[in-house]
Amino acid sequence: MAGFILSKAARAFAVLFSTALFVFVVLRFSGDPAERMLGEFATPEAQAAFRTLWGLDKSIPEQFLIYLQHALQGDFGKSYADGRDVFDIIKQSIPKTLTVSVSAFVIAILLGIPAGIVAAIRRDSAVDRLVMATAVLGNSIPMFLVGLIFIFIFAVWLRVLPSSGSSTWRHAILPIATFALYNAASIARFARATLIEVLYQPYIAAARGDGIPPSEIILRHALPNAAIPLVTMLGILATSLLGGTVLVETVFAWTGMGAQFVRAVGQGDLNVVQAMILVFTVFVVTINLTVEILYALLNPKIRSQK
């Protein structure tokens with residue numbers, strides 16, 4: 001098991017390094033930061049001074065080696081826009097992003113998986129049709145539109161929750177609810193389809209023939225075998241969490257990493273953009289590594305493969 005984890009960790013590190021290199025090079029060819037930050041009316045002397053100040057006058061390989069050396073020490077540079085340390089910007093914004101994304105993901109699992117199980121067990125019943133109709137509706141409406149609907153209902157019409165901001169726990173309710181309900185719909189549909197497929201396997205029919213109670217069949221035979229595809233789906237969903245926060249944070253003016261990322265891209269603040277993409281990549285790679293380890297724990301055949 002240790003060898004399996006080490007091999008996956010080495011591959012994850014290679015992906016992280018390749019992404020850092022690719023993003024660094026692409027951003028350098030996307031435009032001149034001096035022109036974007038200083039404006040089109042800045043003098044050539046001012047632009048040259050800006051490039052010298054931020055080390056942009058060096059070759060791209062030199063810039064990347066310097067950046068990599070500092071990044072390994074936890075130094076991601078300073079913001080071109082206001083001179084703040086990039087690490088401080090991330091440290092201030094990531095707790096708010098994790099508050100929304102992690103809370104929404106946990107709530108989505110707690111809502112989606114039980115709903116999918118109930119719908120699968122009671123297939124073609126009124127309960128099944130109700131759950132699936134709600135899930136399809138939840139997936140059909142874009143996330144930003146769900147957020148706007150919630151703002152209209154709870155902030156404008158009922159006036160029980162704030163429509164934007166991030167200063168109190170009440171401001172987090174609508175972003176979390178928007179994100180959670182949208183993802184719960186996807187989880188419910190997938191959990192239902194996976195469990196139905198398992199319930200029609202021959203060994204389930206044999207278990208029924210042996211007189212095993214239905215609850216035991218579900219808990220001991222069906223759910224464990226449906227776990228691997230469900231873990232795959234949850235892993236894919238988890239990797240999209242930070243991307244989804246860009247929409248949610250923009251709609252609700254929630255000052256997390258998504259909002260900071262949009263601001264940095266608009267301003268051409270390369271140091272902030274690079275660092276945030278690197279954080280997103282670390283998050284995705286960590287989720288994928290966790291999913292692969294869970295595969296190995298759920299199915300010993302996977303960890304025995306070369």
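Residues numbered from 1 in each chain as written. Predicted model: local features only at pLDDT ≥ 70, side-chain atom pairs only at ≥ 80, totals over all residues. Heavy atoms only, no water.

Colleague: Before we go on, may I ask you to explain the pattern of salt bridges in this structure?
Modeller: Oppositely charged side chains are able to pair whenever their charged atoms sit close together. Tallied over the entire structure, the rule returns 3 salt bridges. Across the pair Lys78 and Asp85 runs a salt bridge, and its minimum N-O distance is 4.0 Å. A residue is classified by how much of its surface remains accessible, and Lys78, at 41% relative accessible area, is partly exposed. Between Asp128 and Arg192 there is a salt bridge; the shortest N-O distance is 2.7 Å. Separated by 64 residues along the polypeptide, Asp128 in helix H6 (residues 126-140) and Arg192 in helix H8 (residues 169-199) bring together distant segments of the chain. (Salt bridge = Lys/Arg side-chain N within 4 Å of Asp/Glu carboxyl O. Buried < 20%, exposed > 50% of the residue type's maximum accessible area, 1.4 Å probe, protein only. Helix = DSSP H or I, 4+ residues; strand = E, 2+ residues; numbered from the N terminus.)

Colleague: Help me out: how do you make sense of the packing of helix H7 (residues 143-157) against H8 in this one?
Modeller: The geometry of H7 relative to H8 is characterised by a closest axis approach of 9 Å and an angle of 135° between their N-to-C directions. Judged on the interaxial angle alone, H8 and H7 are oblique. The hand of the H7/H8 crossing is right-handed. Counted together, Met143, Val146, Gly147, Phe150, Ile151 and Phe154 of H7 and Leu174, Ala177, Thr178, Phe179, Leu181 and Tyr182 of H8 form the full contact between these two elements. (Axes fitted to C-alpha atoms, helices over the stretch in contact; angles between N-to-C directions. Parallel < 35°, antiparallel > 145°, perpendicular 65-115°, else oblique. Left-handed = near helix turned anticlockwise from the far one by under 90°. Contact = heavy atoms within 4.5 Å.)

Colleague: Even after reading the chapter, I still don't get the environment of Ala172, so can you show me in this structure?
Modeller: Within the secondary structure layout, Ala172 lies in helix H8. For the pair Ala172 and Asn225, spaced 53 residues apart in sequence, the C-alpha separation works out to 36 Å.

Colleague: Would you take a moment to explain unusual backbone geometry for this structure?
Modeller: Note on backbone geometry: most residues besides glycine have negative phi, and most peptide bonds are trans. Within the chain, Asp124 stands out as a residue other than glycine whose phi angle is a positive 65°. In this structure, Asp124 sits in the loop between helix H5 (86-121) and H6. Take Asp124: its relative accessible area is 54%, and that puts it in the exposed class. A positive phi angle, close to 50°, is found at Ala253, a residue other than glycine. What makes Ala253 partly exposed here is its relative accessible area of 40%.

Scope: geometric values only; no functional claims are made or implied.
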